[in-house]
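Topology and contacts: notes
Okay, here's what each chain looks like letter by letter:
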Amino acid sequence: MKKKLNLAPALFVGPHLILFLVFILIPTIYGIYASFTQWNLAGSPNWVGFANYKTILFDSDSTFHMQFFNGLKNTLLFVLFTVPPLIVLPLMIAVALSHKKLKGKTFIQSVLYLPGLISISAAALIFTLIFNKQLGVTSNVFGSALAWTTHQPYAWITIIVLTIWGGIGGNMIIYRASISGVAEELYESAELDGAGPIRRFFSITLPSINFPLIYTFVMTTAGAFNVFGQPLMMTDGGPQQSTSVLMMYIRQLAFGSGESIAGMASAMAVLLGLVILVISALQYYVMNRNSN
Amino acid sequence: MKRKLGALATSVALAATVLAGCGSSNANDPNTITFWTPLTGEDGAYMDNLVKQYNDTDPAVKVKHVVTADMYTKVSTVLSSGKGIPDLTIIHADRVPGYVKQNRLESMDAVMQAQPELKEDNFLPQAWGAGNIDGTQYAIPLDIHSNVMYYNKELVSKYGADSFLEDDNVTIDEMLSLEGKLDEGHYVVNDALIGWVILGQIQNLGGDIQKDGQPDLNTDVMKQAILDVKKLNDAGLMTPFGEDGYLMFQGGNVLFSTDGTWSSTAHATVENLDFGVTNVYSASPDKFTNRASSHMLAMFNNEQRTDEKEQGIAAFLEFLRSNSVEWAKAGQIPASKDVVESPEYQQYMQSFFTSTEKETESLYIYDYEYYSYVAEAVDKYAIDLIRGNIDIDEGLQAMQQEVADKIGQASGGAAAGE
Amino acid sequence: MSNQVMDLDKTAMATGRKRSKISISQIIAYVFLGLLCLIWIVPVVFGITTSFRSQTEVVSTGFRLLPVTWITDNYTAILQNTSTAPIMRWLMNSIIIATSHTLLVVVVISLTGYGYARMNFRGRNALFFALLGISFFPAVVNLIPSYKIIDALGWVNTSWAMIIPGLAGMGNIFLVRQFMLAIPKDLDESAKVDGASHFRIYFSIMLPLIKPVLIVCALFSFTGSWNDFLWPVIVYTDVDKMPVTAGLLLLQDIYGNYRMIGQLMGSAILAIIPTLTLFLFAQKYFVQSINLNSGIKG
């Protein structure tokens, strides 16, 4: 009896556990190990203890210290600028789309989802041309005299616009699927009780999609912490490294030109991982508690 | 549902069989030279042609050309695993000292013995020299690709700048003389490849980026080089900060474009763009420098590379030496003297850079071991310094610091085993 | 009346009359969505039309949404280059890879999600969150060990390297688990009382209920596998075996710039046709209304 109880879960979660072990856990442990070494990727790592962490966190003269804190600051800004719209906008769209009498839902949905399918380099190129002063919209249509990608706050705006344009599709369809699962009767009875649309949204829709909401919030945030493509291609981190996110520094150390500085890059990646971990745990804890 | 899942499982199994069918190809096939290059884009197609022409000569060992995006990362992965190391690889000149120091490259001695024409006298000296470390030849050059300056013929004559070109040395002072004379929306020069331009100015001013093997960036020469170029910006002659200077040149709004040899093919696709090529502008009336690099053929250490393969590689390199005029189509300057002296090559625009001895000497390849770090730092800070966005002394200090810190972390750096 | 589910309309609340309330909320939904669509579609149209522009036109000053002269040269150039950039072949490879990966993902995540959401075993939540937490570590230098593992398995330069490792991901499992947690416990409790095994409950109760979310996950997996470009560049050496996103990187010049802008746009547009088709097909299903509470009431 006892054995049977232990076996069934193993059959369900076991296969994935093996995959996880091989393709995520082992490489991650190796990555953490590498953060305690000096390593050029090709050779064998050279153990240096906590030296990388000490340099990054405490050696204020070091380039790596500057890069880590500047990168982290810019990454946090990116998270703050993009995560709220990436949650709220798709939710509003999904709610609007659930309006029964609305026509052309499939078309609207496809248009909003489409940008997410375009490869990041092509998407960035489209926006580079659009924001380009000579060739694009900003000067020719709006008469703006500045090159947007090299002047703040416009540089951030170009990055945010590209991110939101390409990023709302995923959360939108999660909310669509979730809201469609909410029982019709709940709304009907609420309406009989005289609840208006706003109240119905807050008292029925939101609680019903609470779990998917936690998911999108946590995952969108974690994804935003890992960003590098949009700033790399729109502004190349400029002007004056004000849009250089941490992942850009990490990638340049590990895969830039010249000999790889992978040990230092690993240490930065581990620290970034810890930040993501703490923030997503907080998000999960707070949202989950509120739901109970 | 069960039935659907069954169908699903079957299709997965089916797909799996199909995939297994196209199993892994053996990188160590004794009858094929695996040849990795980072030549993405058009360049790869020209190299493909060359490889195909070689294979059509029915050599003992054929060559398989593999173009790789992000090649250096990929090289790291195979070096790390020790398997699948390519037989022959094109690497950039700046990478040679680093790989040699890490003991990753095999010497070309055996290859040079097999094909006696693969020798110093037959190649442009700076390209050959870039493959030579402490007397041993580790790489044989395919080409020189350089920073050059394109000019829009129509605009140059419109603004009477033809005289600038006469001595093949457009000076910054000459450019500055156009201040206030240009129509709105026209610019004298763009900021494409500006890092390379700065590295060229350093040579013009008689400086260097290193001193006794240590990086030396926070110098008066570097400061002078940046301030000279900055004059163009301050006079409003440079394309505005953040504009794509490359596209603006193609759009016919810029007189001079500092770009690479390879861009001539793309410029040629733009109708109504009548352009020529000359040396990158200089602060000095006596000297001009075109900062260059070279695609070099090298062999990563690999015990499985047989002697027959090395013979095959030698034969292929000799073929490239004699036939690389095809490579000129990609806009590059072949490193083989036979080719650059051939009449056929003279039709290519870039033949300008080997037309006189002085021109050939202007192609400068940095051989500093940590050049890549230097170039990365210069690229990162130069533009903000020229645009006056950061204080020049702070910028130079940060550049120097960044390179020194990176060297400290590289293998063999000071911090090792701390 | 009951058709009106909800809206974002504040003014609708204020007005008492129901007829105008419906139309106002509807109008607001239309205006909101219409405006968004307009903003969203302009860059897409611009991208598509750019693929029909010559380089001469791309670099000429002034913004034009539509090309002055439409040319198809970019597409001819893309399709004719079958040696260094065989895009049709890449598309085929991508379809095989993404389809196999997606089918396997659906099996793995539904089983695993069920395990973590509906089964009881010691340390269940601790294990789940430990795995989730580990998966949050940025996989940057993990490239080298990952490559070595793939190499040890003999999967370098094969599609397995693209299909299998992604199955270990936690994102979709997290989503499935979240959806399953929202399903009332009574459903499977009563089935258990009737003597149903976990597999029975998984097959006949859970799978139908979570079908919309599985379709969403399938869509994500397909798109994710399709758009992955960092990993395939490392594991493939054979240009003929590459998936399309990795292949497109070969169109950049050596300094990472796209000099032929029209051609890049054309290739990017060809590359989204399959994923877009899948989305158009799938979107019918993920909004299928499934009443999670029917179990209680029935």
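Residues numbered from 1 in each chain as written. Chains lettered and ligands numbered in written order. Predicted model: local features only at pLDDT ≥ 70, side-chain atom pairs only at ≥ 80, totals over all residues.

**Some thoughts on the UniProt feature "transmembrane region" (unreviewed entry) in chain C**
Residue and element names in this part refer to chain C. Taken from the UniProt record, the annotation "transmembrane region" (unreviewed entry) applies to residues 27-48, 90-114, 126-147, 159-180, 201-222 and 260-282. The annotated region residues 126-147 carries 68% helix and 0% strand content, and the separation between its end C-alpha atoms amounts to 29 Å. The span residues 201-222 carries 95% helix and 0% strand; its end-to-end C-alpha distance comes to 27 Å. (UniProt positions renumbered as here; feature names shortened; annotations may be inferred. Helix = DSSP H or I, 4+ residues; strand = E, 2+ residues; numbered from the N terminus.)

**Looking at the interface of chain B and chain A**
Listed as interface residues are 33 residues of chain B and, on the opposing side, 29 residues of chain A. Those elements giving two or more residues to the side of chain B that touches chain A turn out to be α3 (71-81), α12 (245-250), α18 (371-386) and α19 (392-409) of chain B. In terms of residue class, the side of chain B that touches chain A is made up of 12 nonpolar, 13 polar and 8 charged. (Contact = placed C-beta atoms within 7 Å. Nonpolar A, V, L, I, M, F, W, Y, C, P; charged D, E, K, R; others polar.)

**Describing the environment of T216 of chain A**
Residue and element names in this part refer to chain A. Looking at the element boundaries, T216 is found in helix α10 (residues 210-225). Exposure remark for T216: the 23 C-beta atoms within 10 Å place this residue in the buried category. For T216 and G170, which are 46 residues apart along the polypeptide, the C-alpha to C-alpha distance reads 9.1 Å. Sequence-distant contacts of T216, defined by excluding residues within four places in its chain, comprise I87, N171 and I174. (Buried ≥ 20, exposed ≤ 12 C-beta atoms within 10 Å, placed from the backbone.)

**Some thoughts on the pairing of strand β14 (residues 295-298) of chain B**
All names here are of chain B. Burial along β14 is two-sided: H295 and L297 and M296 and A298, pointing in opposite directions, are all buried. Bridge count for strand β3 (residues 88-92) against β14 is 4 bridges, and the pairing is antiparallel. If you follow H92 over to β14, its bridge partner there is H295. Two strands pair when backbone bridges link them, and strand β6 (residues 139-141) and β14 are joined in this way by 3 bridges, in the antiparallel orientation. Of the residues in β14, the one forming a bridge with I140 is L297. (Pairing = 2+ DSSP bridges.)

**Quick look at the nonpolar core**
By size, the foremost hydrophobic cluster in this structure holds 309 residues, and its most contacted members are A265 and M268 of chain A, V189 and M296 of chain B together with C217 of chain C. Ignoring anything within four residues of it in the chain, the contact list for V189 of chain B reads M175, L232, L237, M238, V254, L255, F256, T258 and Y281 of chain B. (Core = buried A, V, L, I, M, F, W, Y, C linked by C-beta atoms within 7 Å.)

**Here we look at the interface of chain C and chain A**
Chain C puts 90 residues into the contact, and the matching count from chain A is 90 residues. For the side of chain C that touches chain A, the element with the most residues is helix α2 (residues 18-50) of chain C, which contributes 13 residues. Residues that form the side of chain C that touches chain A fall into these classes: 61 nonpolar, 26 polar and 3 charged.

**Here we look at unusual backbone geometry**
Cis geometry is found at the peptide bond from Q152 of chain A to P153 of chain A, where omega equals 0°. Mapped onto the elements, P153 of chain A comes out in the loop between α6 (137-140) and α7 (154-180). With an omega of -5°, the peptide bond between G238 of chain A and P239 of chain A qualifies as cis. Its place among the elements puts P239 of chain A in the loop between α11 (229-234) and α12 (246-255). Backbone geometry at D58 of chain B places phi at a positive 55°, although glycine is not the residue there. Inspection of the secondary structure assignment puts D58 of chain B in the loop between α2 (42-56) and β2 (62-67). Although it is not a glycine, L193 of chain B adopts a positive phi angle of roughly 50°. You can see L193 of chain B is positioned in the loop between β8 (187-189) and α10 (194-204). C-beta crowding within 10 Å serves as the criterion here: with 23 such atoms nearby, L193 of chain B is assigned to the buried category.

**What about the environment of L124 of chain B?**
Residues and elements named next belong to chain B. Take L124: it is sitting in the loop between α5 (109-114) and α6 (125-130). Taking the C-alpha atoms as reference points, L124 and Y348, 224 residues apart in sequence, are found 17 Å from one another. Non-local contacts of L124, meaning those with residues more than four positions away in its chain, are made with I144, A335, K337 and T360.

**Observations concerning the domain arrangement of chain B**
Note: interface size is frequently given as the accessible area lost on complex formation between the parts. Residue and element names in this part refer to chain B. Its domain assignment divides chain B into domain 1 (32-142 + 294-355) and domain 2 (147-292 + 370-409). Domain 1 and domain 2 are separated by 29 Å when their C-alpha centres are compared. Listed by partner, the interface residues are 12 residues for domain 1 and 10 residues for domain 2. Across the side of domain 1 that touches domain 2, the residue classes break down as 5 nonpolar, 4 polar and 3 charged. (Domains from an automatic or database assignment.)

**Observations concerning the confidence of the model for chain B**
All names here are of chain B. Model confidence for chain B is summarised by a mean pLDDT of 89, while 91% of its residues fall at 70 or above. At the level of individual helices and strands, chain B shows its lowest average pLDDT in helix α1 (residues 2-21), which scores 49, and its highest in β6, which scores 97. Here residues 17-26 is modelled with pLDDT under 50, and outside its nearest four sequence neighbours on either side it reaches 12 contacts, counting other chains as well. Between residues 413-418, whose pLDDT stays under 50, and residues either more than four places distant or in other chains, the model counts 13 contacts. (pLDDT = per-residue confidence, 0-100.)

**Overview of the sheet that holds β2 of chain B**
Residues and elements named next belong to chain B. One open sheet holds the 5 strands; their spatial order is β2-β1-β3-β14-β6, and the pairing between them is mixed. Unpaired on one side and paired on the other, β2 and β6 mark the two borders of the sheet. When strand polarity is set aside, the average angle formed by the axes of neighbouring strands in this sheet is 30°. (Axes fitted to C-alpha atoms, helices over the stretch in contact; angles between N-to-C directions.)

**Focus: the environment of P85 of chain A**
Position of P85 of chain A among the secondary structure elements: in helix α3 (residues 63-97). P85 of chain A sits in the partly exposed class, given 14 other C-beta atoms within 10 Å.

**Structural notes on the packing of α10 of chain B against α18 of chain B**
All names here are of chain B. Between α10 and α18, whose axes approach to 8 Å, the crossing angle comes to 95°. When the axis of α10 is compared with that of α18, the two are roughly perpendicular. Contact residues: I194, G195, I198 and L199 in α10; A375, V378, D379, A382, I383 and I386 in α18. Class assignment of the residues belonging to the contact of α10 with α18 gives a composition of 8 nonpolar, 1 polar and 1 charged. (Parallel < 35°, antiparallel > 145°, perpendicular 65-115°, else oblique.)

**Description of helix α5 (residues 120-131) of chain A**
If you check α5 of chain A, its first and last C-alpha atoms are 16 Å apart, about what 12 residues at 1.5 Å a residue would give, namely 16 Å. Taken together, the buried positions of α5 of chain A are S121, A122, A123, A124, L125, I126, F127, T128, L129, I130 and F131 of chain A. (Expected span 1.5 Å × (residues − 1).)

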